[in-house]
Amino acid sequence: MEEVRMEKLYEGKAKIIYPSSEAGMVRVYFKDDATAFNGQKRAQIAGKGAVNNQIASALFGYLEEHGIPTHFVRQLSEREMLVRQVQIVPLEVIVRNRTAGTFARRYGVEEGRVLPKPLLEFSYKNDALGDPLIYPEAALALGLLSEAELERIRALALQINTLLKDYFAQRNLELVDFKLEFGRLADGRLVLADEISPDTMRLWEMGSGEKMDKDRFRRDLGGVEEAYQEVLRRVQGL
Ligand code: CDP
């Protein structure tokens with residue numbers, strides 16, 4: 001059901017947050033807008049909002065079924081989901097299974113090398129500073145989160161990685177890396193928030209290594225819409 005449009009609470013690069021008539025909830029609207037390289041590259045990817053909403057809804061549902069607390073309540077319409085309102089912890093949590101992207105460039109290694117174990121990286125969510133990489137100790141020193149929250153986030157991120165790797169492997173896709181954000185509910189409990197979609201993950205076709213994610217847009221590889229649609233087909237297909 002499409003709820004009546006209300007004043008937006010917040011507009012980000014790919015999503016808009018609207019109030020909900022349900023207490024403690026907000027609506028997330030997924031746009032077709034795509035940005036890369038800290039917003040320097042911008043375009044519209046036709047249908048992306050609807051595809052990402054459906055993929056993210058399915059993934060949040062799967063994670064919830066496997067005991068991961070998330071902000072997700074239910075999908076409302078093609079481009080909207082209902083979520084619990086949270087206060088976002090200002091960290092981007094990146095989980096890497098193979099070298100790619102910024103990590104490969106920063107350390108001068110080829111993409112695709114399998115890491116001996118999943119690696120967690122943290123960036124400070126701060127647009128003015130360009131989301132710099134941050135040591136967990138620095139995040140604690142800045143008071144961005146508590147020590148208990150940091151340990152909980154580490155444990156949840158690794159569990160989510162195991163679950164998602166398995167989920168995509170069953171769909172012939174390799175989960176290379178992805179970004180997570182966590183939020184605090186009113187009672188302080190941490191939940192997985194934001195979105196999980198081909199905008200925030202690297203997914204490679206098993207065998208061929210073909211890119212099925214936002215790298216098709218970042219690197220002008222073409223077939224962006226088709227790749228997102230194909231991921232959705234596989235998410236729905238099992
Ligand atoms: O993607 P990029 O090379 O800019 O940075 P990365 O650190 O290699 O990204 C690791 C993973 O996190 C990729 O799957 C990105 O799509 C995702 N990411 C994201 O969703 N949002 C960001 N602000 C940064 C990374």
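Since we're looking at a predicted model, the values are computed, not measured.

(A) Quick peek at the overall build of the protein chain. When you go through the protein chain residue by residue, the secondary structure sums to 6 helices and 13 strands. Seen through its C-alpha atoms, the protein chain measures out along the principal axes to roughly 50 × 45 × 35 Å. The buried share of the protein chain, reckoned over its 238 residues, is 55%. Summed over its atoms, the accessible surface of the protein chain is roughly 11300 Å², and 51% of this surface lies on carbon and sulfur atoms. Taken together, the 34 basic and 37 acidic charged side chains of the protein chain have centroids lying 2 Å from each other.

(B) Spotlight on helix α6 (residues 224–237). With 14 residues, α6 ought to run about 20 Å at 1.5 Å a step, and its terminal C-alpha atoms sit 20 Å apart, in line with that. Of all the positions in α6, only V224, A227, Y228, V231, L232, R234 and V235 are classed as buried. On an axial view of α6, the arc spanned by its buried residues comes to 165°, and they lie on one face. Along α6, exposed side chains directed more than 90 degrees from the buried face belong to Q236 and G237.

(C) Fine view of the pairing of strand β5 (residues 41–44). With 4 bridges joining them, strand β4 (residues 33–36) and β5 adopt antiparallel strand pairing. Opposite T35, over in β5, you have R42 as the bridge partner. Hairpin connection from β4 to β5: 4 residues lie between these consecutive antiparallel strands, with F37 at a positive phi of about 55°.

(D) View of the UniProt feature "domain: SAICAR synthetase/ADE2 N-terminal" (unreviewed entry) in the protein chain. According to UniProt, the feature "domain: SAICAR synthetase/ADE2 N-terminal" (unreviewed entry) maps to residues 8–234 in the numbering used here. Span residues 8–234 is 30% helix and 32% strand, its end C-alpha atoms 33 Å apart.

(E) Structural detail: the site of the ligand. If you check the shell around the ligand, you find 15 residues, and the closest are R96, T102, D177, R202 and R218. One of the side-chain N or O atoms of E92 is found 3.1 Å from a nitrogen atom in the ligand. The contact in question runs from an oxygen atom of the ligand to an N or O atom on the side chain of R218, over 2.8 Å. Computed on the free molecule, the ligand has an accessible area of 500 Å², of which 81% lies beneath the protein chains in the complex. Taken together, the elements giving at least two residues each to the shell around the ligand come down to β9 (91–98), α2 (101–107), β11 (173–184) and β13 (201–205). Looking at side-chain class alone, the shell around the ligand contains 4 nonpolar, 3 polar and 8 charged residues.

(F) Local environment of the nonpolar core. L63, I160, L164, F168, L180 and F182 are the most contacted members of the largest nonpolar core, which totals 55 residues. Sequence-distant contacts of I160, defined by excluding residues within four places in its chain, comprise L63, I68, F178, L180, F182 and L192.

(G) Main features of the side chain of K41. Mapped onto the fold, K41 is located in strand β5. Looking at K41, its side chain comes within polar contact range of the main-chain oxygen of R218, at 3.2 Å. What K41 contacts, discounting residues up to four positions off in sequence, is A34, T35, A36, F217, R218 and D220.

(H) A look at the packing of aromatic side chains. Enumeration according to the criterion identifies 5 aromatic pairs in this entry. Here the aromatic rings of F103 and Y107 are separated by 4.8 Å at their centres, their planes lie at 70°, and the arrangement is edge-to-face. With F103 and Y107 both in helix α2, this residue pair falls 4 residues apart, about one helical turn. What makes F103 buried here is its relative accessible area of 11%.

(I) Seen up close, unusual backbone geometry. A positive phi angle, close to 60°, is found at N172, a residue other than glycine. Take N172: it is sitting in the loop between α4 (147–169) and β11. The exposure class assigned to N172 is partly exposed, which follows from its relative accessible area of 37%. The backbone phi angle of D220 is positive, close to 55°, even though this residue is not glycine. Considering the arrangement of structural elements, one finds D220 in the loop between α5 (215–218) and α6. Take D220: its relative accessible area is 62%, and that puts it in the exposed class.

(J) Expanded view of the environment of R98. Tracing the chain through its elements places R98 in strand β9. Apart from residues no more than four positions distant in its own chain, R98 is found in contact with G112, R113, V114, L115, E174, V176 and W204.

Reading guide: rules and limits
- Residues numbered from 1 in each chain as written.
- Predicted model: local features only at pLDDT ≥ 70, side-chain atom pairs only at ≥ 80, totals over all residues.
- Heavy atoms only, no water.
- Helix = DSSP H or I, 4+ residues; strand = E, 2+ residues; numbered from the N terminus.
- Buried < 20%, exposed > 50% of the residue type's maximum accessible area, 1.4 Å probe, protein only.
- Areas by Shrake-Rupley, 256 points an atom, 1.4 Å probe, with all protein chains shown as cover.
- Lys, Arg positive; Asp, Glu negative; His and termini not counted.
- Charge placed at Lys NZ, Arg CZ, Asp CG, Glu CD.
- Expected span 1.5 Å × (residues − 1).
- Arc of directions from axis to C-beta.
- Pairing = 2+ DSSP bridges.
- UniProt positions renumbered as here; feature names shortened; annotations may be inferred.
- Near = heavy atom within 4 Å.
- Polar contact = N/O pair within 3.5 Å; in protein donor to acceptor, adjacent residues only side chain to side chain.
- Nonpolar A, V, L, I, M, F, W, Y, C, P; charged D, E, K, R; others polar.
- Core = buried A, V, L, I, M, F, W, Y, C linked by side-chain atoms within 4.5 Å.
- Contact = heavy atoms within 4.5 Å.
- Phe/Tyr/Trp six-rings, centres within 6.5 Å; stacked < 30°, edge-to-face > 60°.

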